[in-house]
Amino acid sequence: MTTHHPIAIIGGGLGGLTAARVLHANGTEAAVFDLEASAGARTQGGMLDIHEDSGQMALHAAGLHEGFRGIVHEGGQAMRLLGPDGTVHVDEDDDGTGTRPEVDRGALRDLLLDSLPDGTVHWGRKATGVRPIGGGRHEVAFADGSAVTTDLLVGADGAWSRVRPLLSPAEPAYTGISLVETDLLDADTRHPRAAAVVGTGSFMCLGDRRGLLAHRETDGSLHIYTALRADEDWIDTIDFGDGAAAKAAVLAHFEGWHQDLRALVADADGAPVPRRIHALPVGHRWDRVPGVTLLGDAAHLMSPFAGEGANLAMLDGAELGLAVAAHPGDLEAALAAYEEGLFPRGEASAAESAANLEIMFGGHGLERMAEFFTSAPEAG
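Since this is a predicted model, take the numbers as computed values, not measurements.

Q: Outline the nonpolar core, listing residues and values.
A: Ile 9, Ile 10, Phe 68, Leu 108 and Val 140 are the most contacted members of the largest nonpolar core, which totals 57 residues. Excluding residues that lie within four positions of it along the chain, Phe 68 makes contacts with Ile 50, Gln 56, Leu 59, Pro 101, Val 103, Leu 108 and Leu 111.

Q: Account for the packing of helix 1 (residues 14–25) against helix 4 (residues 105–114), naming residues and giving values.
A: The contact between helix 1 and helix 4 brings their axes to 9 Å, and the two run at 25°. Considered as vectors, helix 1 and helix 4 are oriented roughly parallel to each other. Judged by the twist between their axes, the crossing of helix 1 over helix 4 is left-handed. Contacts between helix 1 and helix 4 involve Leu 14, Leu 17 and Thr 18 from the former and Arg 105, Leu 108, Arg 109, Leu 112 and Leu 113 from the latter.

Q: Lay out the pairing of strand 1 (residues 2–10) in plain terms, naming residues and giving numbers.
A: In the sheet, strand 1 pairs with strand 10 (residues 147–155) via eight bridges, with the strands oriented parallel. Looking at strand 10, one finds that Ala 8 is bridged to Leu 153. By the bridge criterion, three bridges tie strand 1 to strand 2 (residues 31–33) in an arrangement that is parallel. By the bridge assignment for strand 2, Ile 9 is matched with Val 32. Of the crossover connections in this fold, the one passing from strand 1 over helix 1 to the parallel strand 2 is right-handed.

Q: Go over the sheet that holds strand 5 (residues 88–92) with me, naming the residues and quoting the values.
A: The mixed open sheet is built from seven strands, whose spatial order is 5-4-12-13-14-11-15. Two strands in the sheet have a free side with no partner beyond their single neighbour: strand 5 and strand 15 (269–279). The mean angle between the axes of side-by-side strands here comes to 15°, regardless of whether they run parallel or antiparallel. In this structure, strand 4 (residues 79–82) lies alongside strand 5, joined through four bridges in antiparallel fashion. When the sheet's bridge partners are listed, Arg 80 is paired in strand 5 with Asp 91. Across the sheet, helix 8 (residues 259–266) touches strand 4, strand 11 (173–184), strand 12 (202–207), strand 13 (210–216) and strand 14 (222–229), and the angle it forms with strand 11 is around 90°.

Q: If you had to explain the pairing of strand 9 (residues 137–142) to someone new, which residues and values would you point to?
A: Where strand 8 (residues 127–134) meets strand 9, six bridges bridge the pair, whose relative direction is antiparallel. Paired with Gly 129 across the two strands is Ala 141, which belongs to strand 9. The sheet contact formed by strand 9 and strand 10 spans four bridges and is antiparallel. By the bridge assignment for strand 10, Ala 141 is matched with Ala 147. Hairpin geometry of strand 9 and strand 10 is characterised by an intervening segment of four residues between the two adjacent antiparallel strands and by a positive phi of about 95° at Gly 145.

Q: Mind laying out the pattern of salt bridges, listing which residues take part and the relevant values?
A: This model, assessed by the stated rule, comprises 14 salt bridges. Of the charged contacts in the structure, one is a salt bridge between Arg 216 and Asp 188, with a shortest N-O distance of 3.2 Å. Residue Arg 216 is found in strand 13, and its partner Asp 188 is found in helix 5 (residues 187–190); the two are separated by 28 residues along the sequence.

Q: Help me get a handle on the environment of Arg 262, residues and values and all.
A: Secondary-structure assignment places Arg 262 in helix 8. Along the backbone, Arg 262 and Ala 194 are 68 residues apart, and their C-alpha atoms lie at a distance of 9.7 Å. Each residue touching Arg 262, except ones within four places of it in the same chain, is listed here: Leu 251, Phe 254, Glu 255 and Trp 257.

Q: I'd like a description of unusual backbone geometry, backed by residues and values.
A: Look at Asp 186: it is not a glycine, yet its phi comes out positive at around 45°. Positionally, Asp 186 belongs in the loop between strand 11 and helix 5. Positive phi is not limited to glycine here, since Asp 208 has a value of about 55°. Considering the arrangement of structural elements, one finds Asp 208 in the loop between strand 12 and strand 13.

Q: Tell me about the side chain of His 51, residues and numbers included.
A: Structurally, His 51 is set in the loop between strand 3 (47–49) and helix 2 (55–61). Not counting chain neighbours up to four residues away, the residues in contact with His 51 comprise Gln 56, Thr 99, Arg 100, Ala 306, Gly 307, Glu 308 and Asn 311.

Criteria and cut-off values
Residues numbered from 1 in each chain as written. Predicted model: local features only at pLDDT ≥ 70, side-chain atom pairs only at ≥ 80, totals over all residues. Heavy atoms only, no water. Core = buried A, V, L, I, M, F, W, Y, C linked by side-chain atoms within 4.5 Å. Buried < 20%, exposed > 50% of the residue type's maximum accessible area, 1.4 Å probe, protein only. Contact = heavy atoms within 4.5 Å. Axes fitted to C-alpha atoms, helices over the stretch in contact; angles between N-to-C directions. Helix = DSSP H or I, 4+ residues; strand = E, 2+ residues; numbered from the N terminus. Parallel < 35°, antiparallel > 145°, perpendicular 65-115°, else oblique. Left-handed = near helix turned anticlockwise from the far one by under 90°. Pairing = 2+ DSSP bridges. Right-handed = clockwise from strand over helix to strand, strands pointing away. Salt bridge = Lys/Arg side-chain N within 4 Å of Asp/Glu carboxyl O.

Pasting the structure below:
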């Protein structure tokens with residue numbers, strides 16, 4: 001059965017939900033389609049620093065900034081930078097300014113979900129194909145056999161977007177960095193040394209073209225990202241189903257590092273989870289195609305090393321919603337205005353992310369990041 005929705009957003013992440021919320025706040029309803037079975041199908045996890053000039057602007061446009069302030073992780077703007085020998089190079093407390101406060105991704109997603117009318121998000125709808133059907137309209141087919149048609153198709157479906165090929169042949173490329181994620185649960189009680197090393201907010205240890213990055217979560221756990229310059233197939237050489245073996249394989253790259261740093265991986269609870277880091281070309285853009293556009297990672301996937309991915313996705317969603325509201329009855333004018341801002345915004349952040357990757361995992365990553373934090377205290 002095929003149904004019609006004037007605006008269909010593929011992907012119920014932060015960007016897609018922000019677009020739907022801003023549209024709703026301006027009197028226009030959209031349908032969101034997400035592949036997850038339900039809102040609680042999986043733990044969202046992860047801490048996000050929501051920037052004053054992007055993510056927070058989106059929340060203001062959505063009328064949700066006050067609610068956002070209620071879920072901020074107090075103390076989460078603290079920052080520690082260590083060297084491989086355990087020497088502390090930067091130790092900044094949360095300055096309380098709120099310019100880049102930390103929040104739990106799941107709590108932020110719930111804030112957005114709760115702001116939408118019941119039935120806005122259609123769960124269990126994995127897009128399997130999209131095609132133009134004339135006049136700027138498109139059809140989206142789903143794995144469950146259903147389909148929808150729409151006047152405005154929004155690809156908010158992430159790195160491997162099904163919608164993007166309608167606009168661009170670009171595909172994400174491996175950046176040369178692989179991450180391995182681990183968690184230390186109930187850290188203050190069960191892993192007090194690790195808790196002391198990481199501190200109350202975010203943490204970095206850089207050296208030898210690799211690093212350990214971490215955040216303290218609102219539930220008291222520590223989430224660790226081990227970052228390595230590695231061949232694209234390196235992950236395939238490790239049996240991540242064997243937690244002990246996987247930890248040993250990762251730690252083999254950190255020989256000589258301080259034991260308290262190695263313990264962030266060695267003492268982790270549960271099996272490590274690998275992730276290759278991909279990015280679209282810096283400056284990715286496309287010619288205007290009637291009735292379809294992209295936002296977030298679908299438009300400008302970048303490495304996480306500028307902390308801009310979620311912030312930009314939300315700002316994209318807000319800007320798209322505001323553009324549609326500002327051009328009633330003229331979707332093409334709305335999309336042209338939206339993309340005029342989208343492209344330079346995405347290019348600037350993607351360039352920053354790519355540059356930060358080279359700085360952090362280059363030959364002098366520790367020294368350059370220490371200089372960055374100590375010379376620009378507002379950046380913390």
